[in-house]
Each structure stands twice: as structure tokens, then as C-alpha cells.
Amino acid sequence: MPVPACNESMSPLRISVGGLPVLASMTKGADPRFRPRWKAIVLSSACVAFVLLLFCLHRPSPARPVPPNAHNWQLRLRAEDRYNDTYPLSPPQRNPEGVRYRIGVIADLDTQSRGSEEHTWFSYLKKGYLVLSASGDSVTVEWDEEESVLRSHLAEKGRGMELSELVVFNGKLYSVDDRTGVVYQIEGSKVVPWVILSDGDGSVGKGFKAEWLAVKDEHLYVGGLGKEWTTTTGEVVNENPEWVKVIGYKGDVGHESWVANYNALRAAAGIRPPGTELGSLPSPGAPRPAWDWGGVSPQAVGPAGI
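Note that this is a predicted model, so its numbers are computed, not measured.

**Q** Sorry, what's going on with the overall build of the chain here?
**A** Broken down by element type, the chain carries 3 helices and 18 strands. Counting all 306 residues of the chain, 31% fall into the buried class. At a minimum sequence separation of 6, the contacts of the chain that also span at least 24 residues come to 53%. Only carbon and sulfur atoms are counted for the fraction: they give 58% of the accessible area of the chain, which is about 19,600 Å².

**Q** Looking at this structure, how should I read the pattern of salt bridges?
**A** Pairs may arise between side chains of opposite charge once their charged atoms sit close together. Counted under the stated rule, the structure contains 12 salt bridges. Residues arginine 100 and glutamate 142 are paired through a salt bridge, measuring 2.6 Å at the closest nitrogen-oxygen approach. A residue pair is termed long-range when its members are at least 10 positions apart, and arginine 100 in strand β4 (residues 98-107) and glutamate 142 in strand β6 (residues 139-143) qualify at 42 residues. You can call arginine 100 buried: its relative accessible area is 18%. One connected set of salt bridges, linked through shared partners, spans Asp178, Lys209 and Glu211.

**Q** It is not clear to me how the side chain of serine 175 should be interpreted in this structure. Could you clarify?
**A** The topology assignment puts serine 175 in strand β9 (residues 172-177). In this structure serine 175 comes out as buried when scored by relative accessible area, which is 0%. Setting aside residues no more than four positions away along its own chain, serine 175 makes contact with Ile106, Leu163, Ser164, Glu165, Leu166, Val182, Val183, Tyr184, Ile186 and Leu213.

**Q** Would you mind going over the sheet that holds strand β8 (residues 163-169) with me for this structure?
**A** Strand pairing in a sheet relies on backbone hydrogen bonds. The paired strands run either parallel or antiparallel. One open sheet holds the 4 strands; their spatial order is β8-β9-β10-β11, and the pairing between them is antiparallel. Two strands in the sheet have a free side with no partner beyond their single neighbour: β8 and β11 (190-196). Averaged over neighbouring strand pairs, the angle between their axes works out to 30° when direction is ignored. Two elements, β8 and β9, share 5 bridges in a ladder whose sense is antiparallel. In the strand pairing of β9, valine 167 is matched with tyrosine 174.

**Q** Whenever I open this one, the environment of glycine 188 confuses me. Can you help?
**A** Structurally, the position occupied by glycine 188 is in the loop between β10 (182-187) and β11. Linking glycine 188 and leucine 125, residues 63 residues apart in sequence, is a C-alpha distance of 9.5 Å. Leaving out residues up to four positions away in the same chain, glycine 188 has contacts with Leu125, Ser148 and Leu150.

**Q** Where do I start with the packing of aromatic side chains in this structure?
**A** Each aromatic ring pair is characterised by the separation of its centres together with the angle its planes make. Evaluated as defined, the whole model comprises 9 aromatic pairs. Note on tyrosine 83 and phenylalanine 169: the rings are 5.7 Å apart at their centroids and 50° apart in plane angle, and the pair reads as tilted. One end of the pair, tyrosine 83, is in the loop between α2 (70-81) and β3 (93-95); the other, phenylalanine 169, is in strand β8, and 86 residues separate them in sequence. Each ring, one from phenylalanine 169 and one from tryptophan 194, has its centre 6.2 Å from the other, and the planes form 50°; the classification is tilted. Residue phenylalanine 169 is located in strand β8, and its partner tryptophan 194 is located in strand β11; the two are separated by 25 residues in the primary sequence. For phenylalanine 169, a relative accessible area of 1% corresponds to the buried category. Each member of the aromatic cluster is reached from another via a ring pair, and the members are Tyr83, Phe169, Tyr174, Trp194 and Tyr249. We note arginine 100 situated over the ring of tyrosine 129; from NZ or CZ to the ring centre the distance is 4.1 Å.

**Q** When you look at the pairing of strand β13 (residues 219-223) in this model, what are you seeing that I'm missing?
**A** Looking down a regular strand, the side chains alternate between one sheet face and the other. Most of β13 is tucked away: 4 of the 5 residues are buried. Pairing of strand β12 (residues 212-216) with β13 involves 5 bridges; the strand directions are antiparallel. By the bridge assignment, leucine 213 is partnered in β13 with valine 222. As paired strands, β13 and strand β16 (residues 243-248) are joined by 5 bridges and run antiparallel to one another. When the bridges of β16 are listed, valine 222 appears paired with lysine 245.

**Q** Would you take a moment to explain the environment of aspartate 144 for this structure?
**A** Checked against the element boundaries, aspartate 144 lands in the loop between β6 and β7 (148-152). Spatially, the C-alpha atom of aspartate 144 lies 5.1 Å from that of glycine 128, the residues being 16 residues apart in sequence. Among residues more than four places away in sequence, those in contact with aspartate 144 are Arg102, Lys126, Lys127, Gly128 and Tyr129. Here the side chain of aspartate 144 touches arginine 102 through a polar contact of 2.7 Å, side chain to side chain.

**Q** Please explain the sheet that holds β12 as it appears in this structure.
**A** The 4 strands are arranged β12-β13-β16-β17 in an open sheet whose pairing can be described as antiparallel. The open sheet has two edge strands with one neighbour each: β12 and β17 (253-257). Strand-to-strand twist across the sheet, computed as the mean angle between neighbouring axes with direction ignored, equals 25°. Examined bridge by bridge, β16 and β17 share 5 bridges and lie antiparallel to one another. Bridged to valine 244 within β17 is glutamate 256.

Here is what the cut-offs are and how they apply
Residues numbered from 1 in each chain as written. Predicted model: local features only at pLDDT ≥ 70, side-chain atom pairs only at ≥ 80, totals over all residues. Heavy atoms only, no water. Helix = DSSP H or I, 4+ residues; strand = E, 2+ residues; numbered from the N terminus. Buried < 20%, exposed > 50% of the residue type's maximum accessible area, 1.4 Å probe, protein only. Contact = heavy atoms within 4.5 Å. Areas by Shrake-Rupley, 256 points an atom, 1.4 Å probe, with all protein chains shown as cover. Salt bridge = Lys/Arg side-chain N within 4 Å of Asp/Glu carboxyl O. Pairing = 2+ DSSP bridges. Axes fitted to C-alpha atoms, helices over the stretch in contact; angles between N-to-C directions. Phe/Tyr/Trp six-rings, centres within 6.5 Å; stacked < 30°, edge-to-face > 60°. Lys NZ or Arg CZ within 6 Å of the ring centre and 35° of its normal. Polar contact = N/O pair within 3.5 Å; in protein donor to acceptor, adjacent residues only side chain to side chain.

As C-alpha cells, then:
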């Protein structure tokens, strides 16, 4: 069916919002009454942006680690590197009966320190309490029922873990092997090698035969027999046992000749070289910087306040 021709002109299309024409006509220009208020639009947008900016600035940010800088790095360094003078490690227990001090002793088993397992050497750490009566006229020792077995795989010529002394230094418990020259840090029933001490002036290719430990001025002093090394017939071989090792709490080691010191001690006691004297002067409660001497014994050495 033919569509009749449309002779009428296109009628205008009007869309009104709030009574104002938005699009006046598809064929005619825009209504002159429609004028965008640009100043009001810009001002409103600026206000909204300002409010959003304030919100972002005052919004709490998640906690983040402070980036390192020269100032806080120095503060952390000082705190971590400070010497720990805690002694004894456990505070004394006071009661109406007296004072109880926590102590420990270590075993030097000599050739019996070799374990049943291959490449294993061991020692015993025994803990207990030294009880001083309230009147101060009696001392008793109470041992723990269990003792710790300390094991290591380090040895020299088939011998090791012949621990000669027990001491508290820099807030930790240490012992020394008189065969290998290894200073061990004791953590529970575990031993951790800390430093290795060479004999004599430090240039000798064998372990230092350490026999005593002492703490003074934030240093750990490690000494030997205190006499010349001699043959079975008395001939002097060297003076290596008369050297003393001075260890800083960071593990640095110095070597000092104490030949003159030991000679002076022998002279005062009326002993002629190459003779010497052995003794034990434990002082669990000695104040720093007084000397804290330990003992020399083939079975058990100490005690140390732990």
C-alpha cells in the first residue's frame, strides 16, 4: 500500500526540565532562556574537592615501620650492644629460713667424655640451690633431681668437651673446653661454640688448654695452667700455658703474656719454677669489677650463680 507523501514540516520536539526547555527543537537552535550557571558549578566542585582533601588528610593511615635513619639506627645500636652485667642470672630467693642462690656446676670428665655415638663428646651440667641460713652460720646445697647432658661434635685428637669452668658473662652462661680451646655458650641443654682460643700468643696451631675463667671490666679472662709446659722429666718446652686470653663481649679476642704475673705469684708462695699451685676461689656473689675466680678440678668445677 503506497504511503501518502507528507507535506507538513517536521514538528518541533520539546523536552522540558523544571519548566525550562532543554532541547527546544530538532531543527531549531537552543532556547535562549537556557543559560548554564558556570560560576556556581565551579564553586560547588571546588567545595566538594576541598572536603574530600580534608577527609584524606585526616584519615588514619595503617601502622608502618619507621624507616631507618642515622638517629634511630644509633639508638638501636646502643641498646643491642650494651654490656649486660646481670649477675646472678636468677634473683636470690629470700624466706624466713634464709636466702637461696641458684647455682650450677659443670663436669670435666677428661678421657671419659667420649660418647657412645660416633663423633660425640659430652659433659654434665648440674643445677641446684646454695642456701644460706638466716643466721648466716650454716650453708647447705640442694641439687635438682635432673641434670643436663651437654653434647658436642668438636674435638681435637679424639678428645673434647672437657669443660674446665663455668661462668656468667654478659648475661649468658659460658664454659670452656681445655682440649679444643672452644668457649661454649650454654643454652638449656645445648652448647653453642662462641670463640676458639689458640694456644700461646694466638699463632699456635692447637687449642688453648684453658683452666679458669674470670670476669673483669666487661671482659672475660681465660687462663691456663699458669706454669711452663714441661716434659715428664721437667724440661721446659714453652711458656704457652702462661698466656691469658681477654675476650670482649662481642667476641673479640686478645692475647696477653702473664709470665711475669705467674712468676710473682710463685715467688710470693715460695715456689720455684717450673712448679705451680692450683686452687679454687669461687665467689658467686662477688661485686663487679672484683675478680670472680673459678676452680680447677678433674670432676666438677664452679659453682657459678645462674
